[in-house]
Amino acid sequence: MNPNPGRDAAPPEYSTRQARKAGVTAFVGTTIEWFDFYIYGTASALVLGRLFFPDASPAVGTLAAFATFAIGFVARPLGGIVFGHFGDKFGRKNAVIITLILMGIGTVGVGCLPAYSQIGIWAPVLLVALRVVQGVAMGGEWGGAVLIATEFAPPNKKVLYGAFAQQGSPVGNLLATLAFLALTLLSDSVFESWGWRLPFLASAALVVVALYIRLRISETPEMKKAVVAQERTRMPLVEVLRSHPVELLLGVGAVVAGVAITYVKTTFALAWATADLGFDRGDFLLVITIALVAQVLVQPFGAVLATKIDPSRAIRWMLLPELVLLPLMFLLVQSGSVPLAMLGMVLATAPHAMYYAALAGILAQVFPTNVRYTGISLSYQLSTAIFAGTAPMLCQFLLTRTDSIWPVVALGLGYVALSLACMTLLLRRGEARRGPDTERGEARRESDTEPLPAHTSTRKDAAHS
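Anyway, here's the lowdown on the structure attached to this text.

## Let's talk about the packing of helix α1 (residues 16-52) against helix α11 (residues 245-275)
At a closest axis distance of 7 Å, the pairing of α1 and α11 adopts a crossing angle of 35 degrees. For the pair α1 and α11, the crossing hand works out as right-handed. Facing α1, whose interface residues are W34, F37, Y38, G41, T42, A45 and L46, α11 presents T262, Y263, T267, L270 and A271. Split by residue class, the contact of α1 with α11 holds eight nonpolar, four polar and no charged.

## Brief notes about the packing of helix α2 (residues 58-90) against α11
Contact pair α2 / α11: the axes reach a minimum separation of 11 Å and the direction vectors enclose 155 degrees. For the element pair α2 / α11, the angle class is roughly antiparallel. Once α2 is placed against α11, the crossing between them reads as right-handed. Residue-level contacts link T62, F66, F69, F73 and R76 of α2 to Y263, T267, F268 and A271 of α11. Broken down by class, the residue content of the contact of α2 with α11 amounts to six nonpolar, two polar and one charged.

## As for the pattern of salt bridges
If you walk through the whole model with that rule in mind, you get seven salt bridges. D88 serves as the salt-bridge partner of R92, at 3.0 Å between the closest nitrogen and oxygen. Judged by relative accessible area, R92 falls into the buried class, the value being 0%. Among the residues examined, D88 registers a relative accessible area of 0% and is labelled buried. Across the pair R242 and E239 runs a salt bridge whose closest N-O atoms are separated by 2.5 Å. Highlighted residues: R242 and E239, both in helix α10 (residues 236-243), separated by three residues, approximately one helical turn. Look at E239 and you get buried, because its relative accessible area is 5%.

## Describing the side chain of Q166
Locating Q166 in the fold gives a position in helix α6 (residues 158-182). Assessed through its relative accessible area of 0%, Q166 is described here as buried. Among all residues touching Q166, those that are not within four sequence positions of it are W142, V146, Q299, Y356, A357, L359 and A360.

Calculation criteria
- Throughout, residues of each chain are indexed from 1 in the direction in which the sequence is written.
- Totals for whole chains, interfaces and linings use every residue, but because this is a predicted model, local features are given only for residues with pLDDT of at least 70 and side-chain atom pairs only at 80 or more, for both listing and counting.
- Just so you know, side-chain values use all the structure's heavy atoms and leave hydrogens and water out.
- Here an axis means a line fitted to C-alpha atoms, over the contact stretch when the element is a helix, while the angle between two N-to-C directions is reported on a 0 to 180 degree scale.
- To qualify as a helix, a DSSP run of H or I must reach at least 4 residues; to qualify as a strand, a run of E must reach at least 2; elements of each kind are numbered from the N terminus.
- Note: crossing handedness is left-handed where the near helix turns anticlockwise from the far helix by less than a right angle, and right-handed where it turns clockwise.
- By definition, residues are in contact when any of their heavy atoms lie within 4.5 Å.
- When residues are sorted by character, Ala, Val, Leu, Ile, Met, Phe, Trp, Tyr, Cys and Pro go into the nonpolar class, Asp, Glu, Lys and Arg into the charged class, and all the rest, Gly among them, into the polar class.
- Under this scheme an angle from 65 to 115 degrees is roughly perpendicular, one under 35 degrees roughly parallel, and one over 145 degrees roughly antiparallel; angles in between are oblique.
- Throughout this description, the term salt bridge denotes a Lys or Arg side-chain nitrogen within 4 Å of a carboxyl oxygen of Asp or Glu.
- Using a 1.4 Å probe on the protein chains alone, a residue whose accessible area is under 20% of its type maximum counts as buried, one over 50% counts as exposed, and one in between counts as partly exposed.

Take it as geometry only, folks, not as evidence of what the structure does.
Below you can see the structure in the form of structure tokens.
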């Protein structure tokens, strides 16, 4: 490694046209990857328990299906480590191309998988294996997509362009929900026989489209600069754990509200509403669909807000309303009314959706270029493994054990409080490290250690070389 990183390398050149192209590339790729990941969650709530765990009671079968859903999240940190390593050493582009192919293999494989009645115990075993493949792919995908969007962006627009990658999550979720909503036109017997497989098989065509788009994007300017300056780290994981442990832990906590609440509101709520409250499957899928449309429309404003005002204040404005709106949502769903459930879901979606939009751009500026892929991937994927992937299972367990929805509500509020505290500490840590305002202009010119929005920054790369 070069003892004087960055000395011989010119600052990266930013192009608005290239930045927009990179943002669109990140958006399309993450949309398809998230579509693949979310259709599994919807299928878990609706049908996988009966097909792959038929000997269990309906509640236990659903719990078992949610357990396979959680396994995909447990595998995601592995994907973050593997693809973070190669993405930090050899570039972002090749890493996200491989993750896209892996996700397609895992998803189409689930669509082709025989049920328990056909191959017995091998059915759930193979289901778990394919879910692991999905998890590894998603674990490597998110960090690479965020960096493609942010590392092409000018220094003062990284949070905004990071929102391109984040927008793929609600759009992918919306497409997944619409796919299953369309399948409600089928009879229950046809849906359970082969209808549920159609979204998984359709993924093959979507992956080809995303692959074509990704092959046309170049490597990011900041990664090119790191290669020229020989700033790459031999073992990015070791460097993150040794030099950035506090940032990593705070990052894990900061991510929770952006990811776990989604699965409380959609995957768990869908199972609860259809199994316990008497909602028709199509009616509640429509409720979720309207909420996702609202999320697609509202989410980008979180990145705008975090760019325009002090990010700590923006985070409070985004998350504090969730402490009221999430309990309200469950009350309105419990009423059994489709319009009231829809209102509650839309209201509870806005706060964490806006927070999710700003999250990627902030995290992408916490770590320097040479370990950035690994750092943000670990933060995000450890959080999803510990909190998001287990959320539907924990919610179902609490509901089954207590026969009350209020422990589930308390769990959701705990997720929000944890993220609010961790993100506030992360931003304050960056602000304290920055020092006087007079240093801010100089730091903004250092492309591979861009400051956190408005008031925060990271350590200088020299400390990590």
